[in-house]
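# Coordinate inspection notes
Next come the chains, spelled out residue by residue.
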Amino acid sequence: MIFKDMMPGFDLFQPAQLQDALGLLDRFGKDGWKLAGGNDSLSWFKERAKRPKAVIDLSGIPGLVGVRETADGVEIGAMTTLSALESDPLITARYRVLAEAAGRVASPQIRNSGTIGGNLAQHARCWYYRSGLPCNRAGGNTCFAEGPDSINREHALFDSSRCLAVNPSDIAPALVALDAKLVLVSSKAERVVDTDAFFVGPKIDVTSLNCIRPEELLVAIRLPKDWAGAHFYFEKVADREVWDFPLVNVAAALVITNGVIERARIACGAVSAVPKRLRAVEDVVKGKPANAETAKLAGQAATRGARPLTYNGFKVPLMANLVMRALREAKA
Amino acid sequence: MAYRLIGKDFLPPDLLAKITGRAKYSEDFRVEGMLHCKLLTSPLPHARVKRIDTAAALKMPGVVAVLTADEVPQDAGANPILTNEPTFVGAPILAVAAVDELTAAEAIERITIEFEALPFTFDPMDSLYPAGPNARSDGNVGAFGQALQTVKWEAADFAAAGEGKLPTGKTGESWQYGDLEGGFNQAKLVLDESFVTASVPHHALETRSALAYWQNGKCILHGSSQSHTFIIPQLAHYIGISPDNLVFVGEFCGGGFGSKGGAYPVMAIPAHLARKTGRPVMLRIARNEEYFLGSARHGFQGNLKLGFAADGRITALDLYLVQDNGGVLGFLDYRNAAEGVSINYQPQAMRWRGLPVFTNTPPCGPMRGPGRSQMAPIIEALLDQAARRLGLDRVAIRRINAPDSGAKYGAKGETMSSSHLGSALEDGAKSFGWEERLKNSGRRSGSKVTGVGVGLASHPAGMNGFDGLLRITLDGKLHVHTGVGNLGTYSYAATSRAAAEILNYAWDNVVIEHGDSRRGLPWNSVQAGSNTTFTESRTNYVAAMDARTKLLQIAAKDLGGVPEDYDLGEERVVHKSDPAKAMTFAQAAKRAIELGGVYSGAELPNDIHPITRTAVAAIAGTGLIGVAKDNLPKPQMVSAFCAAFVEVELDVETGQVTILDHLAVSDAGLVVHPQSLDTQIKGGSVLGIGLARFERRVYDPVLGLPANVGLTQAKPPSWLDVPLNSRAATTAGTEPQNPFGIKGVGEPPTGATAAAVVCAISDALGGHSFNRLPVSTDMILNALSNQPQAHRPLQVHTV
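Because the structure is predicted, anything quoted here is derived from the model rather than measured. (Residues numbered from 1 in each chain as written. Chains lettered and ligands numbered in written order. Predicted model: local features only at pLDDT ≥ 70, side-chain atom pairs only at ≥ 80, totals over all residues.)

## Some thoughts on the overall build of chain A
Keep this limit in mind: Secondary structure elements follow DSSP: runs of H or I no shorter than four residues count as helices, runs of E no shorter than two count as strands, and numbering proceeds from the N terminus. Our radius of gyration is a C-alpha quantity, and the globule rule it is checked against amounts to 2.2 Å times the number of residues to the power 0.38. By definition, residue pairs are in contact when their C-beta atoms, positioned from the backbone, come within 7 Å.
Summing up its helical and strand segments, chain A has 13 helices and twelve strands in all. In summary, chain A has a C-alpha radius of gyration of 20 Å against a globular reference of 20 Å for 332 residues, a match within 12%. Across its three principal directions, the C-alpha atoms of chain A cover 60 × 50 × 35 Å. The contacts in chain A between residues at least 6 apart in sequence include a share of 65% that link residues at least 24 apart.

Shown next, in the form of structure tokens:
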């Protein structure tokens, strides 16, 4: 708190090949920093809370940008900007929930520079954590958000363990709803993980919101065919219409045949450290008619187990209502 | 009356520079040998500096000097430049000058300070509680011009009030008129509510960077200021020099909203460091630092008791305001709010009590409609409650209480001049289609419910007693010298047109001299508080009338006859009955220089301010000088008004509010510059939307840390949060105390729109009153879900 808003020095690397970037990650390990659109990175540097020795700018690497059709669906390069995603013909035609989520991130300017990979890899926005306090997430041994007077309006309703920060991404719940696969590569290996494995809660790792290892790079996001052209719904509720993180958001994909919900994937963001997949709701609505009554039931099932804090009790009815709306308003 | 220039749109001379990016703000200047400085600010909300170790920092290559509180003037009557007793997180303790900014930043990190942590508080109620913490060691209550004092209420005061009610312990200040008890007794309806309004940061877009250097004993300072000459005496005081040794340069200002109206202490830091190092010093204030140094609107904890007759007339009003001062001396919102209430609603009897209490939060200061803007949504929501319960129309209850021209206000029964608030309400209701829209009130469509609201506010809108200065040069051009500053509204230019109007000048032949003391700038008003247009059209009027007299006198001297034989033609003095007898203004300027004395500026009237004298000395002998103090009569207070109308759509499932339509009608007297007026009304309204819906300062009361320093967390409204179809209009009336009929406009739209938004939300919720600002999404959701609000009723600095 004493002094901020002045970036410390670092070495900047601008590799032109993926292999060079991966080599730099091997070389610098935890002292290296992956720079995508820079929206989260530069604020960390300016706050002087993160001081990498080397910053590896990924913008010059070919092949990381764009949406490609594959045998099994589509593959999105991790450096594809959110604006590109918002208007991409394949995404808007088959996976509209993702285009809508991309269109509600931050502001038009930030969407022009912000990438899908950067959005998924952004750190927790808990203001205590961002203040540079020695909290559990920062490697310390306390959570400052859990006290009776703590300022925790934006914090978690579920699954908190030593940390009450939420995943702030608007993209994340959309990817959960689409059952996306995330492609992580290092100089030695490639692995493809699903969203359950990619997003990480504090019980598994309190210091990171995702499973990307220091030597790994998120290079692509794959959307399988299973959910292409399903009924979709995305909604984000924030204080402002622009440049704001979700108070709660919801993403849903429903396969509806003859008015009956055949299968569903539904997730809410900003209620826990991972985009919360609502399996109970999915079970409740499966096989039920797609109507207002089912929607109401879905809303009632959504918030079971919520443990509101001093200031975030409003998220409980908000989450229930958003899930209800998702079921009620989802469109093909 | 129709004028050639006044009331017409024009291109302000600095507009192109702003649009093309060529405008240079204080941060854009570079001087040979310039050092950069950075501030070390307090990590604690309240502490005493015990020991400072700068040795390691000073050993670093490139570090030139450290400046501590012991080396700058410490003036108990003013706010500290640097301090050894920081009273808020972010208070500047010392500054480091180095060859570049990064070095200065690295040096700051190598300085160690030993602090003694002192008790802190963010809540005036805690400070007023017996044995509660004091935000400052020299007292917990204070205002400018008063000795600080320590005030503690009785535990019984708190116990008697209970959790939801403002305790009303002993007060510092109060006034009263009329029969309060009688007023409440005869009232058909009495409302009695406690309330909270949040403290809101100014967050000016241009941070308050400053560059200073010294030449021949004078300090040249480039700064970010709303006002120009008005700040010079206090700024010179902060630097420790006489006003005539300060050259202030500030041609542009990237917004201030009141926070840059007067001199502020941080601007003096580079001046002190430049003196110490003998080199120019630049202090760039980062976005993050602007939150701490840029000040905020005062928050209130208050109680308002209102008595209404059956027709809605307010029979008695009892207002108690506890002002959150922040950690240093702030502004007088708590007094202004009461005055505004007295003006706007003309209660038959009224009492006001007020207490300004320090908290360990960053400085507070005047913000657009100080006091009145945050009071408006609170009292207007209660007016709506009364209208509902008495079965009255919500516009009608405002109209029946609204002042007419010549109305009295306050305990002393002072008189205000023009009021066209009644017309603003009536014209606005008509233009907005109030009657029709009322039919939509409460209408449900899917999850959306419609609400309509009306709100009003006022603000004093004109001062007097400042100087006007102009010059006609040998090329025949008119130079209007204006010291009022350029906060971004272009009113410095619009008011300069008053002089051109009187002297019959083509606008193309007018040069506006502003932005740099060396151009010879007169003593003008603060550019704040809706004052510029009334005040500076008067100063430019009197200077122009002085020049006019001199032009006629010179013509008579040279061409024969008496001055009354002549009149002003198109930049010429012409004999009324013999047009062949004429001289150009250029010729008159040449004669003025030859004649000397009052004509050339060698002699001045006795009542001219010292700063204007210095200005005239710089330009005397270069043309015909028009200079005069504004001694025009102004026996009555000038007040501007605004009535705003809003329709919202509230989603009962998400708490989201969309403002569908907005109209603001201002009583601003004669319109000087229509385009600028339109943006003033709409811009002020945007600020009102932020006040009503989003903005506040949040603190963790245990750790003592601020939670929403950045713009993302502070949530000023963006263009997507405001109605882009917003409409601005004005009433037809004019202000008799201004030679053109002008009065100010800037502040009232903020409070009026904030009130209309809050009232429309309340309407959509079937009359639910929050008694709190802002009305945020979480509060709306809790109300919709019949959940208790997360905050305690009088809690402050919360989410």
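## As for the overall build of chain B
Basically, it comes down to this: To sort residues by exposure, count the other C-beta atoms lying within 10 Å of each residue's C-beta; 20 or more gives buried, 12 or fewer gives exposed, and values between give partly exposed, all with C-beta atoms placed from the backbone.
Looking only at helices and strands, one finds 23 helices and 33 strands in chain B. Relative to its length of 799 residues, chain B is compact, with a C-alpha radius of gyration of 27 Å against a globular reference of 28 Å. Overall, chain B is about 85 × 70 × 50 Å in size when its C-alpha atoms are taken along their principal axes. When the 799 residues of chain B are sorted by exposure, 61% land in the buried category.

## Looking at the sheet that holds strand β24 (residues 566-568) of chain B
Residues and elements named next belong to chain B. To keep things clear, this is the line we draw: Two strands are said to pair when DSSP picks up at least two bridges between them. Axis lines are fitted to C-alpha atoms, over the contacting stretch for helices. Their N-to-C directions set the angle, which ranges from 0 to 180 degrees.
Strand order across the open sheet formed by three strands is β24-β25-β26, with antiparallel pairing between neighbours. Each of the sheet's edge strands pairs with one partner strand only, and the pair in question is β24 and β26 (582-584). Put simply, the sheet's adjacent strands are angled 20° from each other on average, direction ignored. Both strand β25 (residues 572-575) and β26 contribute to a ladder of three bridges, which runs antiparallel.

## Observations concerning the domain arrangement of chain B
Many analyses report the size of an interface as the accessible area lost when the parts associate. All names here are of chain B. Here is the rule: The source of the domain bounds is an automatic or database domain assignment. The nonpolar class holds Ala, Val, Leu, Ile, Met, Phe, Trp, Tyr, Cys and Pro. Asp, Glu, Lys and Arg form the charged class, and all remaining residues, Gly among them, are polar.
Split by domain assignment, chain B resolves into domain 1 (22-118 + 210-283) and domain 2 (467-629). A separation of 37 Å is found between the C-alpha centroids of domain 1 and domain 2. Domain 1 puts 21 residues into the contact, and the matching count from domain 2 is 21 residues. Across the side of domain 1 that touches domain 2, the residue classes break down as eight nonpolar, eleven polar and two charged.

## A few points about unusual backbone geometry
Apart from glycine, the bulk of residues carry a negative phi angle, and the bulk of peptide bonds sit in the trans form. With omega at -10°, the peptide bond leading from Leu773(B) into Pro774(B) counts as cis. The residue Arg162(A) is not glycine, and still its phi comes out positive at about 70°. A residue is classified by how many C-beta atoms lie within 10 Å of it, and Arg162(A), with 14 of them, is partly exposed. The phi dihedral of Asn504(B) falls on the positive side, at around 60°, and the residue is not glycine. Tracing the backbone through its elements, the reader meets Asn504(B) in the loop between α15 (491-502) and β23 (510-513).

## Digging into the pairing of β23(B)
Residue and element names in this part refer to chain B. For clarity, the cut-off: Crossovers are described as right-handed under a simple rule: with the strands pointing away from the observer, the path leading from the first strand over the helix to the second runs clockwise.
In this structure, strand β22 (residues 478-481) lies alongside β23, joined through four bridges in parallel fashion. Its bridge partner lying in β23, His 481 is registered against Glu 513. Read as a crossover between parallel neighbours, the route from β22 over α15 to β23 is right-handed.

## A word on the nonpolar core
The line we're drawing: For this entry, the nonpolar core is defined as buried Ala, Val, Leu, Ile, Met, Phe, Trp, Tyr and Cys residues connected by C-beta atoms within 7 Å.
Counting residues in each nonpolar core, the largest one holds 350 residues, and the members touching the most others are Val97(A), Ala252(A) and Val323(A). Domain assignment of the residues forming this core places at least three in each of domain 1 (22-118 + 210-283) and domain 2 (467-629) of chain B. Excluding its chain neighbours within four sequence positions, the residues that come into contact with Val97(A) are Ala174(A), Ala177(A), Leu178(A), Phe232(A), Tyr233(A), Phe234(A), Ala251(A) and Ala253(A).

## Observations concerning the interface of chain B and chain A
Chain B puts 41 residues into the contact, and the matching count from chain A is 31 residues. Where the side of chain B that touches chain A is concerned, the elements lending two or more residues are β1 (35-41), α3 (101-109), α9 (287-293), α21 (711-714) and α23 (777-784) of chain B. Here the side of chain B that touches chain A gets five residues from one element, more than from any other, and that element is α3(B).

## Focus: the environment of Asp318(B)
Residue and element names in this part refer to chain B. With respect to the secondary-structure elements, Asp 318 resides in strand β15 (residues 314-324). Sequence separation between Asp 318 and Gly 485 is 167 residues; the distance between their C-alpha atoms is 39 Å. Sequence-distant contacts of Asp 318, defined by excluding residues within four places in its chain, comprise Leu 180, Lys 305 and Arg 351.

## A few points about the environment of His298(B)
All names here are of chain B. Counting through the fold element by element, His 298 comes out in the loop between β13 (296-297) and β14 (299-308). Residue classification places His 298 among the buried residues on the basis of 28 C-beta atoms within 10 Å. For His 298 and Arg 792, which are 494 residues apart along the polypeptide, the C-alpha to C-alpha distance reads 19 Å. Those residues in contact with His 298 that sit more than four places away from it in its chain are Ser 199, Gln 323, Asp 324, Asn 325, Gly 330, Phe 331, Asp 333 and Cys 364.

## Overview of the sheet that holds strand β9 (residues 231-237) of chain A
Residues and elements named next belong to chain A. Overall, antiparallel pairing links the four strands, which are arranged β9-β10-β11-β12 in an open sheet. Pairing within the sheet leaves two strands with one partner each, and these edge strands are β9 and β12 (276-277). Bridge analysis of strand β10 (residues 248-257) against strand β11 (residues 260-269) gives nine bridges, and the strand direction is antiparallel. Residue pairing in the sheet places Val 250 in a bridge with Cys 268 of β11.

## Side note on helix α10 (residues 333-345) of chain B
Note the threshold: What a helix is expected to span follows from its residue count: subtract one and scale by 1.5 Å.
With 13 residues, α10(B) extends 18 Å between its outermost C-alpha atoms, agreeing within 8% with the 18 Å of an ideal straight helix rising 1.5 Å per residue. Burial runs high along α10(B): 13 of the 13 residues are buried.

## A closer look at the packing of helix α11 (residues 372-390) of chain B against helix α22 (residues 748-764) of chain B
Residues and elements named next belong to chain B. Heads up, the rule is: Here a crossing is called left-handed whenever its near helix is offset anticlockwise from the far helix by less than a right angle, and right-handed whenever the offset is clockwise.
Running from N to C, α11 and α22 point in directions that differ by 35°, and their axes come no closer than 8 Å. Pair α11 / α22 crosses with right-handed handedness. Residues Arg 372, Ser 373, Ala 376, Pro 377, Glu 380, Ala 381 and Asp 384 of α11 form the contact with α22, whose own contacting residues are Thr 750, Gly 751, Ala 752, Ala 754, Ala 755, Val 758, Cys 759 and Ser 762.

## Overview of the packing of α15(B) against helix α16 (residues 532-559) of chain B
A pair of packed helices is characterised by two quantities: the angle between their axes and the separation of those axes. Residue and element names in this part refer to chain B. To keep things clear, this is the line we draw: Roughly parallel means an angle under 35 degrees; roughly antiparallel, over 145; roughly perpendicular, 65 to 115; everything else is oblique.
Closest axis-to-axis distance for the α15/α16 pair is 8 Å, and the angle between their directions is 30°. Judged by the angle between their axes, α15 and α16 are roughly parallel. In the crossing of α15 with α16, the sense of the turn from one axis to the other is right-handed. Judged by residue contacts, Ser 491, Ala 494, Thr 495, Ser 496, Ala 498, Ala 499 and Ile 502 of α15 engage Thr 532, Thr 533, Glu 536, Ser 537, Asn 540, Tyr 541, Ala 543, Ala 544, Met 545 and Arg 548 from α16. Per-class residue counts for the contact of α15 with α16 are eight nonpolar, seven polar and two charged.

## A short note on the environment of Val250(A)
Residues and elements named next belong to chain A. Secondary-structure assignment places Val 250 in strand β10. As for Val 250 and Arg 277, which are separated by 27 residues in sequence, their C-alpha atoms are 9.8 Å apart. When near neighbours in sequence (up to four residues on either side) are disregarded, Val 250 contacts Pro 173, Tyr 233, Glu 235, Cys 268, Leu 322, Val 323 and Ala 326.

## Points about the confidence of the model for chain B
When pLDDT is low, close inspection of the predicted coordinates is not appropriate. Stated formally: pLDDT is a per-residue confidence score from the predictor, ranging from 0 to 100.
With 100% of its residues at a pLDDT of at least 70, chain B reaches an overall mean of 97. Reported for the predicted complex are a pTM of 0.98 and an ipTM of 0.97.

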